[in-house]
Amino acid sequence: MAERSFAREVEDLRLGDGDTFRGEGILAITKALLQSGVAYVGGYQGSPISHLMDVLADAKDVLDDLGVVFQSSANEAAAAAMLSASVMYPLRGAVAWKSTVGTNVASDALANLASGGVTGGTMIIVGEDYGEGSSIMQERTHAFAMKSQIWLLDPRPDHECIVNLIEKGFELSEVSNTPVMLEVRVRACHMHGSFACKDNVKPAHTIKDALNNPKRDVGRIVLPPAAYEHEQEKIRTRMPAAINFVRDNRLNEWMGPKQGKVGIIMQGGMYNNVIRALQYLGLSDAYGNTQIPLYVMNVTYPVIDTEVAEFCLDKDAVLIVEEGQPEYLEQAINTVLRRRDIQARVHGKDVLPMGGDYTAQVLLGGVREFLEKTDPRLLGNRPPAPDATAVLSHPEVEKLKQVVPARPPGLCTGCPERPIFAAMKLVESELGEHHVSADIGCHLFSILPPFNIGATTMGFGLGPASTSAFNVKADKRSIAVMGDGGFWHNGLTSGIGNAVFNKHDGVFVIVDNYYTSATGGQDILSSRAVSKRRNTNNSIVQAVKGIGGKWVRQIDRTYDVGRMRDTLKEALTTKEQGPKVIVASSECMLNKQRRVKPQISKAIKDGVRTVKERFGVDEDVCTGDHACIRLSGCPSLSVKQLDDPLRDDPVAAIDNSCVGCGNCGEVAEAAVLCPSFYRADVIHNPTGWDRFKSKVAMAVIGWLQRRRDRRRPALEALA
Amino acid sequence: MRDETVKLALPAAGDATERPISIAIVAMGGQGGGVLTDWIVQLAENHGWVAQSTSVPGVAQRTGATIYYIEAMPPLDGRKPILSLMPTPGDVDVVMAAEFMEAGRSILRGLVTPDRTTLIASNHRTFAIGEKIVPGNGIADKGAVTGAIGIAAKTEIIFDMNALAIANGSVISAAMFGALAGAGVLSFSRDSYLDVIRAGDKGAQASIRAFEAAFDRVQSKSPEPTAPARPETAKTPPSPAALDPRLAGLAARLTQELPEAVQAIGRAGLKKVVDFQDVAYGGEYLDILGKLHAADRSAGGAEWNFAFTEAAAKYLANAMTYDDVIRVADLKTRSGRRARIEGELELSEGQVLQTTEFMHPRMEEVMGMLPAGFARWLGAKPGLLGWLDRRVNKGRRVRTYALPWFLALYVVGGLRGLRRRSLRHAIETAHRDEWVKFATEAVRTNYQLGVEILQCRRLVKGYSDTHSRGLSKFDKTLAAIKLVAPREDAADWARRLREAALKDSAGKELDGVIQTIKSFA
């Protein structure tokens, strides 16, 4: 069950001729796939394409009606390998993942796929997680496209354009027997927009047809001598076919005046911000009526030499707008122009930054500098461009820089991973610091305050593998953390299996929260929910034992901080040889709340006896040291300033977003912190016995309290 | 800029030279920024505009700072505008901040500029982790944001939208939508906003209430609504002790013996001390305070507005009301406590409340309660002590309002009669006396140093390990102060030491300052 349900949005996938689709980019992409007659789809979730996978998962009925097969893949390599269905059969297929990380994982399968080539159209949708808000290393997918010879589409951020490119992309793939990549950037994926729909198309050839009529051709398999043939095919047939198709179908676009002293060449994805920059310079209106010729490369690989040459022929200079590094396009275009001896000067990374987001502001600076160098008259009367520097350099604002606190992402309220790291902190205070390899997932937030645990992260599921060098006898053992998502992605073999094989003495913590939570809570093999369509409830512990793990501990309630701590301590100190594997399991609180909240509300409404738990702090007992927060970081555990002249420091306070997970109490108890936490249990629809018990107890308690109150010195006398 | 620039005839395309309305919503993950974004998009589309929104729901969604961005404008002759995917500094019409420091962050990003930006911000705070983990007070200064808003915003609409939303049973996004409507920056009618909310199903009624309240608040500039009144905490009837002439005597002594300026804090301290133990303990407090004030006077304290006495009144009270088991048990069993919790939980008729305390007493705490002589005798028997500790030292879940547990706490809470003879009291008193003596000596020669020494008491807090850590920082700090005491700038060093000690729990900063001091002292 994913974090977000797309049940309503899925209905939009049924729209047809004459309808207008309005919604998120990722849904538009899904709709385009159906309009293109795909026979199968798959992929691996991860921002920014998680929603695509969720939509597909929620769209079972729509897909069934069309006869489209949807498979969630174990990882990106598995997804890429799935595209082999299009090698021998005229099946259109598409897969999606987060890039560049997913493309890294998939690259082996992609290279094989691209070498042998495809019969049916294949499309890889990569969510390019680059720039502000990204969660990964800043690299470009472009290199993969070039090295394996996969065509790279980079459409303008406009639903109409993206949808059209997907439809055309399948044709391009088929015409050139080459897989195609569609690159969409983070913001384009989550962009709200609209396009005119077409009817969905049932695949002409289905997976079933293929299974019933198997075909094989050794010439398509990557093995010498076929592999040498493939290379020649790529050069002699596939590339020219692709170039002809892109040119004939005008996939790249010319905008603005035909003639001009200068022009701008750009990746399609840069178009909107380029137009905005031109608008600031008075060179375009809001509707894209530009006064400078633009060549918009919706296909960034291959570069269509003839188009580039034609665009540059009569110009003094061109500006290449290409986000990220290295500047592959700029290099390619220089080659094109030099070979043909076309004299247009090429600008690009000389006036634009080598790395980072090309925002309208950045482009404004770059385009202005380019025009100042090449055709300053175009800048005309230089209308004032937006500029915040005056505000930013004001002393009051300068002062603010020291004040506004960083707000790093952290674990959610009630997250079951919090107590694991609290326990690790407690062990750290006893046994000292250890080398900890972190992994990709929510648990990576452990590297940030308040926990500050974890030294490296090498890739999804590679936490355990990245401790493999630390397999020597020493006073301390290495600790590796990995999530259940990473475990099934590859960690079982690359991490645990390898540790068993090499007799690694380290500690391996597998954080099992029943979902791949960081990507939005998708189900995996070990998910606890019963799913009709998938086989879930497969035990991680059994898998670890099956692969040879001997010292395996299952902790069924991560909130048991004391047990968590003791187990970790045992793992770090036991004499037993080989990997020490701890599987710490509790349900992702975000998903749990989504599942349980409606049930609780209903139960309360229906008059069923229900206990709701919440934590609180006795502010007069709390001394304001905040040790509890340093072991928690829960968003609902905060501080508040008391209205008491005798107190300097704010006290801990729990707000009403508390879900009563129990971590605060467990930590206070295990770390021997302070007795100011309490858990309040509120019984809704109490039984008669509940009420009777409480009434009797409170009668006695009330009497005792009044008795003591009478003896207490009445402080009002001092007021 | 070049001089040879020429005026170039740029053919205007009518309305087309206009830029879209741009709205940036800055929020933290999980604040409903997505819903607000969708509402605004729908609002614009309902008027035939082309609207585009973008967001980055990656990891930032998990409580980090994030930004949603919307652009919208009408199409021109069927042509769609080309809309940008990110806000451009200096070119944002409306910034909506769902938290006050996020409003500050949006200013630092250049999104708020005086020529065009209407800033709609809720001035409530959700503290960042860095503000919360400081052992002292790490809360960022709101005033700096207020100051910057005054510089940066063209129009500002600032109030606690979170409180307003909660008061109306809704969430902040609804209140912010109402504030946007009330601000009148977009040319749409109030009803068309409401239509958007009504079209959604869940919680539409509550959203409309919050919307309307915020709208009215903006339009009429009505004063900040007061927070929903808490149920009155149970008032204890005036007890016979109220007539205790000894209390009146203490009050009279306070007014006679202390200068007016420090009487308020002295009264608060006196209350706390009497509440902690008894009336006689209050007298003890005034005795010590009186001596300190005498030292203050003879050190020329009048010139300093008796800052030394003021600090003494505060920190002496805190030192005398140390956190022991008796105090905790007493506070947990008081009548007002349950009433307070019921109020916080908004408990309604027919619901039953129980609370569970998470206590982890150690033998140290038990020893602290025992008579000093006996405790010291026991302390010399490690075998016995260990045996006892194994029985005592474990986490206990105490169900406060179940009779057996309540009685246990009640009895412990009533042991204040034993307190004065206890080991803990002996230790605390000796420690306190030493501190008072040091401060009194210091104030004679270096007034400010005396004050600083008193203020160091702030370092002692917490229970168990936390308490010992605090105490050791206090002792370290005082020891370091002794090293610099003869210097003229001793007070500066004392302040630096104390501030460092409050920065991190491990005391690394403090150790750093001590190293520096040792290098010259």
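Residues numbered from 1 in each chain as written. Chains lettered and ligands numbered in written order. Predicted model: local features only at pLDDT ≥ 70, side-chain atom pairs only at ≥ 80, totals over all residues. Heavy atoms only, no water.

Turning next to the overall build of chain A. Within chain A, the regular secondary structure consists of 26 helices and 24 strands. Overall, the C-alpha framework of chain A stretches about 100 × 70 × 60 Å when taken along its three principal axes. A buried classification covers 61% of the 719 residues belonging to chain A. Expressed as a percentage of contacts within chain A between residues at least 6 apart in sequence, the contacts between residues at least 24 apart total 78%. (Helix = DSSP H or I, 4+ residues; strand = E, 2+ residues; numbered from the N terminus. Buried < 20%, exposed > 50% of the residue type's maximum accessible area, 1.4 Å probe, protein only. Contact = heavy atoms within 4.5 Å.)

Attention now moves to the packing of aromatic side chains. Each aromatic ring pair is specified by the distance between its two centres and by the angle formed by the two planes. Overall, the coordinates contain 23 aromatic pairs over all chains when judged by the stated rule. Ring geometry for Trp254(A) versus Tyr295(A): centroids 4.9 Å apart, planes at 50 degrees, classification tilted. Of this pair, Trp254(A) sits in strand β9 (residues 253-255) while Tyr295(A) sits in strand β11 (residues 294-297); the two residues are 41 residues apart in sequence, bridging distant segments of the chain. A ring pair is formed by Trp689(A) and Phe692(A), whose centres lie 5.9 Å apart and whose planes are at 25 degrees; its orientation type is stacked. A residue pair is termed a helical-turn pair when its members lie 3 or 4 positions apart in one helix, as Trp689(A) and Phe692(A) do in helix α26 (residues 688-711) at three residues. On the accessibility criterion, Trp689(A) (53% relative accessible area) is exposed. A connected cluster of aromatic rings, assembled from ring pairs, spans Trp39(B), Phe177(B), Tyr193(B), Phe211(B) and Phe215(B). A cation over an aromatic ring shows up here: Arg708(A) above the ring of Tyr410(B), its NZ or CZ 3.7 Å from the ring centre. (Phe/Tyr/Trp six-rings, centres within 6.5 Å; stacked < 30°, edge-to-face > 60°. Lys NZ or Arg CZ within 6 Å of the ring centre and 35° of its normal.)

What follows covers the domain arrangement of chain A. Residue and element names in this part refer to chain A. Under the domain assignment used here, chain A contains domain 1 (7-248), domain 2 (253-389), domain 3 (434-591) and domain 4 (606-711). Each of domain 1 and domain 2 has a C-alpha centre, and these two points are 29 Å apart. Listed as interface residues are 24 residues of domain 1 and, on the opposing side, 29 residues of domain 2. Here domain 1 packs against domain 2, burying approximately 2,300 Å² in sum over the two surfaces, 57% of which is carbon and sulfur. At the boundary of domain 1 with domain 2, the tally comes to three salt bridges. Close ionic contact of Arg156 with Glu253 constitutes a salt bridge, the shortest N to O distance being 2.8 Å. One can count 14 residue pairs in polar contact (both at pLDDT 80 or more) joining domain 1 with domain 2. Elements with a contribution of two residues or more to the side of domain 1 that touches domain 2: α8 (142-148), β6 (151-153), α9 (159-176) and α12 (226-248). Considered class by class, the residues forming the side of domain 1 that touches domain 2 number 15 nonpolar, three polar and six charged. (Domains from an automatic or database assignment. Buried area = accessible area lost by both parts, 1.4 Å probe. Salt bridge = Lys/Arg side-chain N within 4 Å of Asp/Glu carboxyl O. Polar contact = N/O pair within 3.5 Å; in protein donor to acceptor, adjacent residues only side chain to side chain. Nonpolar A, V, L, I, M, F, W, Y, C, P; charged D, E, K, R; others polar.)

Residues and elements named next belong to chain B. On the secondary structure map, Trp435 appears in helix α20 (residues 423-445). Exposure remark for Trp435: the relative accessible area of 1% places this residue in the buried category. With 329 residues separating them along the chain, Trp435 and Ser106 place their C-alpha atoms 47 Å apart. If we skip the residues at most four places from it in the chain, Trp435 touches Tyr315, Leu316, Ala319, Ile453, Leu454, Arg457, Phe474 and Leu478.

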